[in-house]
Amino acid sequence: MHDAVIKDTKSRMDKAIESFQKELARIRTGRAAPALLEGIKVDYYGTLMPINQLATIAAPESRLLTIQPWDNAVLGLIEKAILKSDLGLTPNSDGKMIRINIPPLNEQRRKDLVKMVKKMAEECKVAIRNIRRDMIERLKAQKKDKGLSEDDFFKLQDEIQKITDGHVKKVEDILALKEKEVLEF
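Cut-offs applied
Sequence order as written defines residue numbering, which begins from 1 separately in each chain. Note on the predicted model: pLDDT of at least 70 is required for a residue's local features to be given, and 80 or more for side-chain atom pairs to be given and counted; whole-chain, interface and lining totals, by contrast, use all residues. Based on all heavy atoms of the structure, the side-chain values leave hydrogens and waters out of the count. Classification of residues uses two cut-offs on accessible area relative to the type maximum, computed with a 1.4 Å probe and protein chains only: under 20% is buried, over 50% is exposed, and between them is partly exposed. Numbering goes from the N terminus for both helices and strands, where a helix is a DSSP run of H or I of at least four residues and a strand is a run of E of at least two. Strands qualify as paired when DSSP identifies two bridges or more between them. Between the N-to-C directions of two axes lies an angle of 0 to 180 degrees, each axis being a line fitted to C-alpha atoms and, for a helix, fitted only over the stretch in contact. Every residue pair with non-hydrogen atoms within 4.5 Å of one another is taken to be in contact. Should an angle fall under 35 degrees it is called roughly parallel, over 145 degrees roughly antiparallel, and 65 to 115 degrees roughly perpendicular, with every other angle called oblique. By convention the crossing between two helices is left-handed if the near helix lies anticlockwise of the far one by an angle smaller than a right angle, and right-handed if it lies clockwise. Residues are grouped as follows: Ala, Val, Leu, Ile, Met, Phe, Trp, Tyr, Cys and Pro are nonpolar; Asp, Glu, Lys and Arg are charged; every other residue, Gly included, is polar.

1. What to know about the pairing of strand 4 (residues 64-69)
Counted residue by residue, strand 4 has five buried out of six residues, so it is predominantly covered. Two elements, strand 3 (residues 55-61) and strand 4, share five bridges in a ladder whose sense is antiparallel. Residue pairing for strand 4: Ala58 is matched across the bridge by Thr66. The turn joining strand 3 and strand 4, which pair antiparallel and follow one another in sequence, is formed by two residues. Two elements, strand 4 and strand 6 (residues 98-101), share four bridges in a ladder whose sense is antiparallel.

2. Quick look at the sheet that holds strand 3
Ordered in space as 3-4-6-5, the four strands form an open sheet in which the pairing is antiparallel. Edge positions in the open sheet fall to strand 3 and strand 5 (91-93), since each of these has one partner strand only. Averaged over all adjacent pairs, the angle separating strand axes in this sheet is 25°, with direction ignored. Relative to strand 6, strand 5 runs antiparallel, the two sharing three bridges. Looking at the pairing, Ser93 lines up with Ile98 of strand 6. Contacts from helix 2 (residues 75-84) reach strand 3, strand 4, strand 5 and strand 6, with the element oriented near 165° to strand 5.

3. Brief notes about the packing of helix 1 (residues 2-25) against helix 3 (residues 107-144)
For the pair helix 1 and helix 3, the least separation of the axes is 10 Å and the interaxial angle reads 165°. The orientation of helix 1 relative to helix 3 falls into the category roughly antiparallel. Every pair of crossing elements has a handedness; the one defined by helix 1 and helix 3 is right-handed. Residues His2, Val5, Asp8, Thr9, Arg12, Met13, Ala16, Ile17, Phe20, Glu23 and Leu24 of helix 1 lie in contact with helix 3, whose contacting residues are Val117, Met120, Ala121, Cys124, Ile128, Ile131, Arg132, Asp134, Met135, Arg138, Leu139 and Gln142. Among the residues forming the contact of helix 1 with helix 3, the class breakdown is 14 nonpolar, three polar and six charged.

Laid out in structure tokens, this is it:
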């Protein structure tokens, strides 16, 4: 029973970090990355579909993304979806492939992105702390129902705190890497 609480804590905190990393992948850093287009959906015959299900996305150069649709009829739809997105990217089509030049970020935009990344990191830390609180509440309920001794309660509480500290440290490490990547020219 006690192992289940620890396992559940780790699992939920890992999912919070995984979600944070997916959000970070969508942040533009001045370097081309296929993950940049992950959040964009194309209206394909009345169904919203992610671009990566309609085309091959590649980053052949550090400042260039290419999108090769499997069906050329989708080309215009993909272009429109990219233009509608809030990424500020302009697609160029040659009738067979879409090329997107990733312009370098200016200083102010880099600072804004760093603020946004820090906010996302703080939200992830809050989520991790909420998971800790939920688990400790679960332990308190078990202690109250006499299913958990006082010593076991404090031992598990310390274990959950250590797990929380480790996950918060992971978030800070990920944040530092992304911050460095955004500020890099």
